[in-house]
Amino acid sequence: QEEDREMLIHKLRERGDGSFLRGWRRELDPEGDLAVKFPDFLKAATRIKFFGDTLGLFSQNGNLSLLRLDELAPNEGGLLERFRQWCKAEFGFASALLKGLGA
């Protein structure tokens, strides 16, 4: 499972021109929800040629319908979630700011 996780992170880094988070956003999470639904992941996996254990990645939290960024990459996902919470606390919103930043 760890090997598949690392393979997916590598693929997303490639698709993000060296940035894993950019690749995540481009390929899996264009809406900025910090999560991807299983059917959307399957489409993206085909597009990026990821042939790892998809069920293994999605079964980490017992919810096969959703993979959260913080499950795939805890450090990056946690950092982005804290930033989102800070934006919400400081400005009352986060999604418009994050979309404007292209995050």
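Presented here is an overview of the structure given in this document. The shown structure was predicted, so the numbers you read here are calculated from the model rather than taken from an experiment.

A few words now on the packing of aromatic side chains. Summed over the entire model, instances satisfying the criterion amount to 4 aromatic pairs. Look at F38 and F58: their rings are 5.0 Å apart centre to centre, the planes differ by 90°, and that puts the pair in the edge-to-face class. Note that F38 is positioned in helix α3 (residues 38-48) and F58 in helix α4 (residues 54-58), a separation of 20 residues in sequence. An angle of 20° between the planes, with centres 6.1 Å apart, marks the rings of F83 and W86 as stacked. Of this pair, F83 and W86 both sit in helix α6 (residues 74-91), 3 residues apart, which is roughly one turn of that helix. Judged by relative accessible area, which is 28%, F83 ranks as partly exposed. Residue W86 is classed as partly exposed on the basis of its relative accessible area of 44%. Here a set of aromatic residues connected by ring pairs shows up, and it is made of F38, F41, F50 and F58.

About the cut-offs
- Residues numbered from 1 in each chain as written.
- Predicted model: local features only at pLDDT ≥ 70, side-chain atom pairs only at ≥ 80, totals over all residues.
- Heavy atoms only, no water.
- Phe/Tyr/Trp six-rings, centres within 6.5 Å; stacked < 30°, edge-to-face > 60°.
- Helix = DSSP H or I, 4+ residues; strand = E, 2+ residues; numbered from the N terminus.
- Buried < 20%, exposed > 50% of the residue type's maximum accessible area, 1.4 Å probe, protein only.

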